[in-house]
Amino acid sequence: MSAPLIVLVGPMGVGKSTVGELLAARLGTSYRDTDADVVATAGKPIAEIFYDEGEDRFRELESGAVRAAVAEHTGVLSLGGGAVLDETTRALLAGHAVVYLSMDVDEAVKRVGLNTARPLLAVNPRRQWRELMEARRHLYTDVARVVVATDERTPEEVAQAVLDALELPDAPSSGRENATMTDQGPTRIQVAGSAGTDPYEVVIGRQLLGELPTIIGDRVKRVAILHPEALAETGEAVRQDLAAQGYEAIAIQLPNAEEAKTVEVAAYCWKALGQTGFTRTDVIVGVGGGATTDVAGFVAATWLRGVRWIAVPTTVLAMVDAAVGGKTGINTAEGKNLVGAFHPPAGVLCDLAALDSLPVNDYVSGMAEIIKAGFISDPVILDLVEADPQAARTPAGPHTSELIERAIRVKAEVVSSDLKESGLREILNYGHTLAHAIEKNERYKWRHGAAVSVGMVFAAELGRLAGRLDDATADRHRAVLESVGLPLTYRGDQWPKLLENMKVDKKSRGDLLRFIVLDALGKPTVLEGPDPAVLLAAYGEVSA
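Residues numbered from 1 in each chain as written. Predicted model: local features only at pLDDT ≥ 70, side-chain atom pairs only at ≥ 80, totals over all residues. Heavy atoms only, no water.

Enquirer: Help me out: how do you make sense of the overall build of the protein in this one?
Expert: Across its full length, the protein carries 23 helices and 16 strands. Counting only residues that meet the buried cut, the protein has 55% of its 544 residues in that class. Look at the contacts in the protein between residues 6 or more apart in sequence, and 74% of them connect residues 24 or more apart. Accessible surface, the protein: about 22,000 Å² in total, of which carbon and sulfur atoms supply 50%. (Helix = DSSP H or I, 4+ residues; strand = E, 2+ residues; numbered from the N terminus. Buried < 20%, exposed > 50% of the residue type's maximum accessible area, 1.4 Å probe, protein only. Contact = heavy atoms within 4.5 Å. Areas by Shrake-Rupley, 256 points an atom, 1.4 Å probe, with all protein chains shown as cover.)

Enquirer: Is there a simple way to explain a nonpolar patch on the surface in this structure?
Expert: Taken together, Leu338, Val339 and Val504 make up a surface patch of nonpolar side chains, about 200 Å² in accessible area. Mapped onto the elements of the fold, valine 504 is located in the loop between helix 22 (495-502) and strand 15 (514-520). (Patch = residues over 30% accessible without salt bridge, like charges linked within 9 Å, V, L, I, M, F, W, Y side chains within 5 Å. Salt bridge = Lys/Arg side-chain N within 4 Å of Asp/Glu carboxyl O.)

Enquirer: I'm lost on the sheet that holds strand 11 (residues 308-313) in this one. Help?
Expert: Within a sheet, each strand pairs with its neighbour through backbone hydrogen bonds, oriented either parallel or antiparallel. Spatially, seven strands are ordered 6-7-14-11-10-8-9 in an open sheet, and the strand pairing comes out mixed. Since the sheet does not close on itself, it has two edges, and those belong to strand 6 (187-191) and strand 9 (248-254), each with one partner. Going across the sheet, the axis of each strand differs from the next one's by a mean of 15°, ignoring polarity. Relative to strand 7 (residues 200-205), strand 6 runs antiparallel, the two being bridged by five bridges. The residue bridging valine 191 from the neighbouring strand is tyrosine 200, located in strand 7. Along the sheet, helix 12 (residues 263-275) makes contact with strand 8 (222-228), strand 9 and strand 10 (283-288), crossing strand 9 at roughly 160°. Its contacts with the sheet put helix 13 (residues 290-302) on strand 8, strand 9, strand 10 and strand 11, and the angle it makes with strand 10 is roughly 170°. (Pairing = 2+ DSSP bridges. Axes fitted to C-alpha atoms, helices over the stretch in contact; angles between N-to-C directions.)

Enquirer: Help me understand the sheet that holds strand 2 (residues 31-33), please; the structure alone is not making it clear to me.
Expert: If you walk across this open sheet you meet the five strands as 2-3-1-4-5, and the pairing is parallel. In the strand order of this sheet, the two ends are held by strand 2 and strand 5 (146-149), each with one partner. Sheet twist, expressed as the mean angle between neighbouring strand axes with direction ignored, is 25°. Relative to strand 5, strand 4 (residues 98-102) is paired through four bridges, and the arrangement is parallel. Bridging across to strand 5, leucine 101 finds its partner in valine 148. Along the sheet face, helix 1 (residues 16-27) touches strand 1 (6-9), strand 2, strand 3 (76-78) and strand 4 and points at about 165° away from the line of strand 1.

Enquirer: Before we go on, may I ask you to explain empty space enclosed by the protein in this structure?
Expert: In this approach, a probe sized like a water molecule rolls over the atoms, and the result shows the empty space that is left. According to the stated counting rule, one finds six cavities of 30 Å³ or more in the structure shown. Computed from the structure, the second largest cavity encloses a volume of approximately 60 Å³. Lining the second largest cavity, in full, are Gly431, His432, Thr433, Leu434, Gly455, Phe458, Ala459, Phe515 and Ile516. Those elements giving two or more residues to the lining of the second largest cavity turn out to be helix 19 (432-441), helix 20 (448-465) and strand 15. Across the lining of the second largest cavity, the residue classes tally to five nonpolar, four polar and no charged. (1 Å grid on protein atoms, 1.4 Å probe; cavity = no way out; pocket = protein on both sides within 12 Å on 5 of 7 lines; lining within 4 Å. Points joined across faces, edges and corners; volume = space filled by probe spheres on them. Nonpolar A, V, L, I, M, F, W, Y, C, P; charged D, E, K, R; others polar.)

Enquirer: Help me understand the nonpolar core, please; the structure alone is not making it clear to me.
Expert: Here is a general trend for soluble globular proteins: nonpolar side chains tend to be buried in one another's company. Judged by nonpolar contacts, the single largest core of 96 residues is most densely connected at Val202, Ile284, Ile370, Ile371, Ile408, Tyr430 and Phe458. Other than its neighbours up to four places away in sequence, phenylalanine 458 contacts Leu434, Trp495, Phe515, Leu535, Ala538, Tyr539 and Val542. The next biggest cluster of nonpolar side chains, apart from the first, holds 21 residues, and it includes Leu23, Val99, Leu101 and Ala161. (Core = buried A, V, L, I, M, F, W, Y, C linked by side-chain atoms within 4.5 Å.)

Enquirer: How do you make sense of the pairing of strand 4 when you look at a structure like this?
Expert: Put simply, side chains in a regular strand alternate between the two faces of the sheet. Most of strand 4 sits inside the fold, with five of its five residues counted as buried. Burial along strand 4 is two-sided: Val98, Tyr100 and Ser102 facing one way and Val99 and Leu101 facing the other are all buried. Here strand 1 runs beside strand 4; their pairing, made up of three bridges, is parallel. Bridged to valine 7 within strand 4 is valine 98.

Set out below in structure tokens:
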């Protein structure tokens, strides 16, 4: 009868997946995660199962996934944090090589405090962690053959401790080398300072809450956490964690999405900062999507003529675009982002765990900015998307981290050499001239990525009609964008309104319309004052 070589149990965020993959590599076997099996069966993230169908339904799916995995899998297996609550599961684990990975409460909050996908640990992480562990610790120890503490240990050290405890040898291959490659920690991308601004890091990985105090620094007394209403629990969790570390932390709730980007909301934030005695040495933290980081940066740029701020983006769009580069701003009746400032953050934390619970339409919307980076600079991005479009639509895809890292590197390289959009930085607006016009026309009810997708198809057709871009690359826009579910068309009868909207675009010079187009793949350029007939013909190609 087949049986798993190792079964890992333990609380959420302890690192079962990371350690499991390391162990599988070291032992020359395969890895399986029952949480991933549940997501695959249900067709939605765990947080959505809890919300839509309740915990009882999730536990039913989890129990079935454990039964199947224990019966079928012969490699390293990890179970969800609450799997041991099921009596049948506990009985099933008897006689197996079960390892309980443990950690203390402070370490737990560092690892999971920013993860909105943890439905049982969302409001007060320290208190809820203790309550969960009081209910579960004896269950973990009862089913486990050995207990391995993870506190102050790297995943590689934990994996070695597991092997030592079970007296299992490494596979006689280069497994250790593979494991080391897997355990490289967060990716850190440097953004150079320019025009009197300081350099900063974009940190990409998981379990990044522990990085926040390091960026904030010891000299800071007050921290204001700006967050949207949809992330009220996450914002409060961050506030409580910073307060526990000695900061005077306040949470300021903003409206969701583009409704936050108004002068009224900015004024509300200024009032809150004034009432709490916010000084020039204090710090603002923006936790949320692109609209939230835009507002947080703008408030930071304007309060006392500039205070430090940190971006904690929680959407794909915010990670690869809005949070990096220091462009901050709000909308007006006349257009999007027409009031703003260039005010780079002190640091950016891209915790990929936040994407696990992101609605699919929001995730796909962010893919437009990643694909844009592929067309203007890094064609490998397009190759990765084309290799498996369905996987590119979900954070569980095999290339998620690489796609996000590549897109951020494109933006970091551009903004490092051109902070204030005086030249090279304009290429980041590929597809955005029409996109911003569509967003204004729709009163900002369209997702930004959806509008950018249509805008890129328009820009590709404009480049083709202007004799700049070859047919194959122009057609590739449609194929790649459509493959991940992004729109390609907009209402044909809206062209006169869109044309008027584009005339107030930031790239326009006087009455001269300017567009970013491609001369070839990865070779963006500026097209000034195109013939109105060519513009209309290009729009005809995206008209529904």
